[in-house]
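Secondary and tertiary structure notes
Single-letter residue listing:
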Amino acid sequence: MTDQTPAAETNSPAATTPQARRAARIDLLGPIEYPADLPVVLRREELAKAIAENQVVIVCGETGSGKTTQLPKICISIGRGVQGAIAHTQPRRVAARTVASRIAHELKTELGGMVGYKIRFNDRVSPDTCIKLMTDGILLAEIQTDPLLKKYDTIIIDEAHERSLNIDFLLGYFKQLLPRRPELKLIVTSATIDTQAFSRHFDDAPIIEVSGRLYPVEVQYQPLDAESEERGEVSYVDAAVQAT
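Small disclaimer: the values here were computed from a predicted structure and weren't measured.

Here we take up the overall build of the protein. On a plain count of helices and strands, the protein comes out with 11 helices and 8 strands. Considering the protein as a whole, with its 244 residues, one finds that 44% of them fall into the buried category. A fraction of 72% describes how many contacts in the protein between residues 6 or more apart in sequence connect residues 24 or more apart. Accessible surface computed for the protein: about 13700 Å², of which carbon and sulfur atoms make up 52%.

To continue, consider unusual backbone geometry. Residues apart from glycine generally show negative phi values, whereas peptide bonds are mostly found in trans. One non-glycine residue, K108, adopts positive backbone phi at about 55°. Along the chain, K108 falls in the loop between α6 (93–106) and β3 (115–119). The exposure class assigned to K108 is exposed, which follows from its relative accessible area of 64%. Phi at D203 takes a positive value of approximately 55°, unusual for a residue other than glycine. Counting through the fold element by element, D203 comes out in the loop between α9 (195–201) and β8 (207–210). According to the relative accessible area criterion, D203 is exposed, its value standing at 62%.

A separate point is the sheet that holds strand β6 (residues 152–157). Strand order in the open sheet made by the 8 strands is β4-β3-β5-β2-β6-β7-β1-β8, with mixed pairing throughout. Taken across any chain shown, the strands that pair with only one partner, and hence form the sheet edges, are β4 (122–124) and β8. Averaged over all adjacent pairs, the angle separating strand axes in this sheet is 20°, with direction ignored. Relative to strand β5 (residues 131–135), strand β2 (residues 85–90) runs parallel, the two being bridged by 5 bridges. Bridged to T89 within β5 is M134. Sheet strands touched by helix α5 (residues 67–77): β1 (56–61), β2, β5, β6 and β7 (185–190). Its angle to β2, the strand with the most contacts, is close to 170°. Docked against the sheet, helix α7 (residues 136–145) engages β2, β3, β5 and β6, running at close to 100° with respect to β5.

When we look at burial in α7, the residues that qualify are D136, I138, L139, L140, E142 and I143. Each element contacted by the buried residues of α7 is listed here: β2, β3, β5, β6 and α8 (165–177).

Let's shift gears to the packing of helix α4 (residues 44–53) against α5. Orientation of α4 relative to α5, taken along the N-to-C sense of each, is 60°, at an axis distance of 10 Å. In terms of orientation, α4 and α5 fall into the oblique class. Along this stretch, α4 crosses α5, giving a crossing that reads as right-handed. Residues R44, L47, A48 and I51 of α4 form the contact with α5, whose participating residues are L71, I74 and C75. Looking at the contact of α4 with α5 residue by residue, the class counts come to 6 nonpolar, no polar and 1 charged.

Direction vectors running N to C along α5 and α6 enclose 50°, while the axes themselves pass 10 Å from each other. Taken as axis vectors, α5 and α6 run oblique relative to one another. The way α5 lies across α6 gives a crossing that is right-handed. Between α5, through T68, T69, Q70, P72 and K73, and α6, the contact on the second element is made entirely by V99, R102, I103 and E106. Of the residues contributing to the contact of α5 with α6, the split by class is 3 nonpolar, 3 polar and 3 charged.

Turning our attention to the confidence of the model for the protein. Close inspection of predicted coordinates is inappropriate in any region flagged by low pLDDT. On average, residues of the protein score 87 in pLDDT, and 84% of them reach the 70 mark or higher. The low-confidence segment residues 1–14 (pLDDT under 50) makes 4 contacts with residues lying over four places distant or belonging to another chain.

Here the structure, examined in full by the defined rule, presents 2 aromatic pairs. Residues F169 and Y173 carry aromatic rings whose centres are separated by 6.5 Å and whose planes lie at 15° to one another, so their mutual orientation is stacked. Pair noted here: F169 and Y173 are both in helix α8, with a separation of 4 residues, about one helical turn. Under the relative-accessibility criterion, Y173 is labelled buried at 18%. Plain terms: the ring middles of Y173 and F174 are 6.5 Å apart, the flat faces sit at 70° to each other, and that makes the pair edge-to-face.

What counts, and where the lines are drawn
- Residues numbered from 1 in each chain as written.
- Predicted model: local features only at pLDDT ≥ 70, side-chain atom pairs only at ≥ 80, totals over all residues.
- Heavy atoms only, no water.
- Helix = DSSP H or I, 4+ residues; strand = E, 2+ residues; numbered from the N terminus.
- Buried < 20%, exposed > 50% of the residue type's maximum accessible area, 1.4 Å probe, protein only.
- Contact = heavy atoms within 4.5 Å.
- Areas by Shrake-Rupley, 256 points an atom, 1.4 Å probe, with all protein chains shown as cover.
- Pairing = 2+ DSSP bridges.
- Axes fitted to C-alpha atoms, helices over the stretch in contact; angles between N-to-C directions.
- Parallel < 35°, antiparallel > 145°, perpendicular 65-115°, else oblique.
- Left-handed = near helix turned anticlockwise from the far one by under 90°.
- Nonpolar A, V, L, I, M, F, W, Y, C, P; charged D, E, K, R; others polar.
- pLDDT = per-residue confidence, 0-100.
- Phe/Tyr/Trp six-rings, centres within 6.5 Å; stacked < 30°, edge-to-face > 60°.

So this is what it looks like as structure tokens:
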């Protein structure tokens with residue numbers, strides 16, 4: 001005789017809620033892996049602690065630090081993304097798509113399930129998506145129908161240094177929203193940001209700085225024939241191509 005799950009249990013309302021389905025997806029992940037060569041991974045425990053203990057965290061990460069792809073995974077590891085999805089904004093549509101694809105790949109899950117994205121004219125999310133990439137314009141549009149953003153338990157505003165109208169409006173809106181949503185977490189990240197100004201805006205929120213990765217650059221010079229340049233036979237662009 002085989003054990004069977006009672007029908008009442010499988011059909012219970014609690015088992016079909018978005019929260020339950022998101023929790024089930026996360027449980028199936030197994031241990032989350034982090035690329036050891038990314039600088040942000042070295043600060044993973046510090047970041048996880050700061051996010052858990054503070055409503056707002058400012059992350060200043062240089063280009064190549066890995067903050068964009070690893071922060072959502074860190075949030076998942078401390079239990080975020082269950083009561084609501086993790087909204088992760090990008091300034092451009094192509095970034096939202098590629099980052100979502102990369103995170104899904106690293107979590108070994110199918111794009112459009114646990115990890116999805118929503119951009120203009122394209123929506124690859126499900127009701128139990130845990131990490132949702134989107135443009136900042138999409139998040140602004142969602143505020144019109146969901147002013148409290150109840151479908152999210154964590155918001156990551158990436159590339160805040162671009163200071164677009166959308167980003168500035170969102171940061172101003174969250175200043176008013178956070179007291180009404182004490183359980184909501186906000187993470188503001190950027191490669192180059194006036195961290196002190198953003199920290200003061202959010203009542204002296206903690207700042208965590210993450211270094212980037214540097215690569216050697218070789219500079220090559222190609223002698224330029226001044227007479228040929230004057231006759232229009234060669235340009236600096238031509239010389240640069242020849243030097244490579």
